[in-house]
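Each chain is listed here by its residues.
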Amino acid sequence: MKKAPILLLAACLALWQCNPLPAPEPDEQQTVKQEQPSGPEDETGPGQNQEPEPAAPKSEECELTALHFWPSANSTLKEQIDAVPMRIQGLDMILVTFPEGCDMSSMVAAFDISKKATVRVDQVQLVNGRSAVDFTGITTWTVVAEDGVHTADYIVLAREGDSYIDKKVYSFMSANSIPGVAVAITKNSRTAYCAGYGLAEAKAGNPVRCTPQHLFRLASVSKTLTSICILRLCQEGKLSLEDKVFAPAGPLAEMYSGEHMPRCDEIRVIDLLTHRSGWNYSCTGGVDPIFTDDWRFAGKSLKTRVEYMLKNVSPASTPGTQYSYYNLGFCILGQVIEQVSGLSYEDYLRETAAMAGAQDIWLSRTPRSGKRENECVFYSQSSTDPYENNMEIAAACGGVTASAADMALILSAIDCDDKVPDILQRQWLDRMYTNYTSSGKGGYGLGWWIGHNVFTDWTAWHTGSLAGTATLWVRGNNSTNGVILCNSRSYSDGFNAAMMTVIDEAMSRVAQKY
């Protein structure tokens, strides 16, 4: 009887486990999701658990837009000097001209750069408007962005000179993407101004500064030098302007014997000098026998090209009657010089130039690997590779290389001024500067354009143009002459006019000031 309560209790427990009581209904407060406390209501204190604002990314900008030189920071300056920035051939350059007598070894610049960027020169960080820098050589300014990762290098080229002339050159270079330019101006048969600008070789990490002694390809300015050589032979009595070049008694009779097309044997030396041989590009279907990939001429020697013309192409007009610019004619004159002088064209040219004191004048070599140590690198702004033109074939019409400094010496020796002995006697200079093709200005003389309708102070001048080359030299009528040489050329409208304007303004400045 004592076990009954225990059995009853066990039965009740088993029944409860099989049918547990239902859970109580949650109240409204239990169904609302509790939000995390924040701000001043946070029991841990105001803002203690607030997510921090993400940091703004640091700037990647690293641009240098201007350099200014203030008299207050540079005792040798009398006025503010502003540098000229430009980007050419993928390089950022900044060019600046200081007055002569300025201490370029310690100049303080104020600079405009990207926000929060810094500037270093030779690994030294500069203080804007306070740090002195040596500008006597090429300096590379490295702009470091705020992020410390992105950088940009700027090649700074400073020189002493005439800021009026130099700013004209800087503007011309920037507008036409010319890496390197040399200018020389003579007055009263002496070199009055001579300068190099920019880079002879625009190579990142190892740029080569352009100087007046750097060699440039002269392109068609070579024709004027060929003319001087021809007239020297005439002066020496070894040649006549009236000689018929290919006729039986002519200077090239032996080289080009045999039958020739009609009119070919009537071509005189003077006809080649004045582009009045009668041949023109229409005679060969619009092809220039010198600069071409046409099967009749490409890869052939100059002699073979001339032979083709003599045997297959009759002059379109009577020699000596009609002007038509023709490169082959001056190449033939180079052969005349060799036959009459007994020297190579290059040797006779160098001998003639030496009479003016010009010693560093040569024929260009076609491949870049053949360039001379002080020769510029040439940069094309077209699809034409400047190192594909056959410069050896083009020697006497467009293949000479020379420096601005030496071209100035030659100008002083052909300017009809007795302050410096001229290479040619006055009678031959007068003939060279005679207009044979027009009754007004702008005609052609013996290897020169004569007069100019816009630049009325010009007595004679000639331009030159090849891929990677633009040149111009001028004999003025006021005892002032000029030359400008470029290691690239633009194909935009107005390029030649811009180049002419630069040299004319430089000549005018020298005529007035020097």
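Residues numbered from 1 in each chain as written. Predicted model: local features only at pLDDT ≥ 70, side-chain atom pairs only at ≥ 80, totals over all residues. Heavy atoms only, no water.

A. Up close: the overall build of the protein chain. In terms of regular secondary structure, the protein chain is built from 12 helices and 22 strands. Its C-alpha radius of gyration of 39 Å places the protein chain more than 25% over the 24 Å reference for a compact globule of 514 residues. Its C-alpha atoms give the protein chain principal-axis dimensions of roughly 165 × 60 × 40 Å. The 514 residues of the protein chain split such that 51% are buried. For the protein chain, long-range pairs separated by at least 24 residues make up 66% of all intrachain contacts whose partners lie at least 6 apart in sequence. Accessible surface, the protein chain as shown: approximately 24500 Å² in total, 49% of it carbon and sulfur. Both charge centroids of the protein chain, one from 43 positive and one from 59 negative side chains, sit 5 Å from each other. (Helix = DSSP H or I, 4+ residues; strand = E, 2+ residues; numbered from the N terminus. Rg over C-alpha atoms; globule rule 2.2 N^0.38 Å. Buried < 20%, exposed > 50% of the residue type's maximum accessible area, 1.4 Å probe, protein only. Contact = heavy atoms within 4.5 Å. Areas by Shrake-Rupley, 256 points an atom, 1.4 Å probe, with all protein chains shown as cover. Lys, Arg positive; Asp, Glu negative; His and termini not counted. Charge placed at Lys NZ, Arg CZ, Asp CG, Glu CD.)

B. Fine view of unusual backbone geometry. Backbone geometry places H275, a non-glycine residue, at a positive phi of 60°. One non-glycine residue, C416, adopts positive backbone phi at about 65°. Positionally, C416 belongs in the loop between α10 (404-412) and α11 (426-432). A relative accessible area of 18% means that C416 is categorised as buried.

C. The sheet that holds strand β14 (residues 208-209), seen in detail. If you walk across this open sheet you meet the eight strands as β14-β13-β12-β22-β21-β20-β19-β18, and the pairing is antiparallel. Whereas interior strands pair on both sides, the edge strands pair on one side only; in this sheet they are β14 and β18 (443-444). Bridging between strand β12 (residues 180-187) and strand β13 (residues 190-201) involves eight bridges; their strand directions are antiparallel. Paired with V183 across the two strands is A195, which belongs to β13. (Pairing = 2+ DSSP bridges.)

D. Representation of the packing of helix α3 (residues 163-176) against helix α12 (residues 495-513). One way to put it is that α3 packs onto α12 with a least axis distance of 9 Å and a crossing angle of 170°. The angle between the axes of α3 and α12 places the two elements in the roughly antiparallel class. Residues Y164, I165, K168, V169, F172 and N176 of α3 touch α12, and the partners they reach there are F495, A498, M499, V502, E505, A506, R509 and V510. In terms of residue class, the contact of α3 with α12 is made up of 10 nonpolar, one polar and three charged. (Axes fitted to C-alpha atoms, helices over the stretch in contact; angles between N-to-C directions. Parallel < 35°, antiparallel > 145°, perpendicular 65-115°, else oblique. Nonpolar A, V, L, I, M, F, W, Y, C, P; charged D, E, K, R; others polar.)

E. Inspection of the pattern of salt bridges at higher detail. Overall, the coordinates contain 19 salt bridges when judged by the stated rule. The partner of E346 in a salt bridge is R372, with the nearest N and O atoms 3.9 Å apart. Of this pair, E346 sits in helix α8 (residues 345-354) while R372 sits in the loop between β16 (362-363) and α9 (395-398); the two residues are 26 residues apart in sequence, bridging distant segments of the chain. The pair E346 / R372 is uniform in exposure class, with both members buried. Residues joined in a network through salt bridges with shared partners are R232, E236, K238 and E351. (Salt bridge = Lys/Arg side-chain N within 4 Å of Asp/Glu carboxyl O.)

F. Structural detail: the packing of aromatic side chains. Applying the stated criterion across every chain yields a total of 24 aromatic pairs. Judged by centre distance (4.6 Å) and plane angle (15°), the ring pair of F455 and W458 falls under stacked. Across this residue pair, the class does not change: F455 and W458 are buried. Among the aromatic side chains, those forming a connected cluster through ring pairs are Y323, Y325, Y444, W449, F455, W458 and W461. If you follow R372 out to its NZ or CZ, it ends over the ring of W362, 4.0 Å from the centre. One Lys or Arg, R475, reaches over the ring of Y433 and ends 4.6 Å from the middle of that ring. (Phe/Tyr/Trp six-rings, centres within 6.5 Å; stacked < 30°, edge-to-face > 60°. Lys NZ or Arg CZ within 6 Å of the ring centre and 35° of its normal.)

G. Quick look at the sheet that holds strand β7 (residues 118-121). A sheet is described by the order of its strands in space; here six strands give the open sequence β3-β4-β11-β10-β7-β8, paired in mixed fashion. In this open sheet, the two edge strands, each paired with only one partner strand, are β3 (84-88) and β8 (124-125). Where β7 and strand β10 (residues 139-144) come together, four bridges link them in antiparallel fashion. Within the sheet, the bridge partner assigned to V121 lies in β10 and is W141.

None of the figures reported here should be taken as evidence of function without further support.
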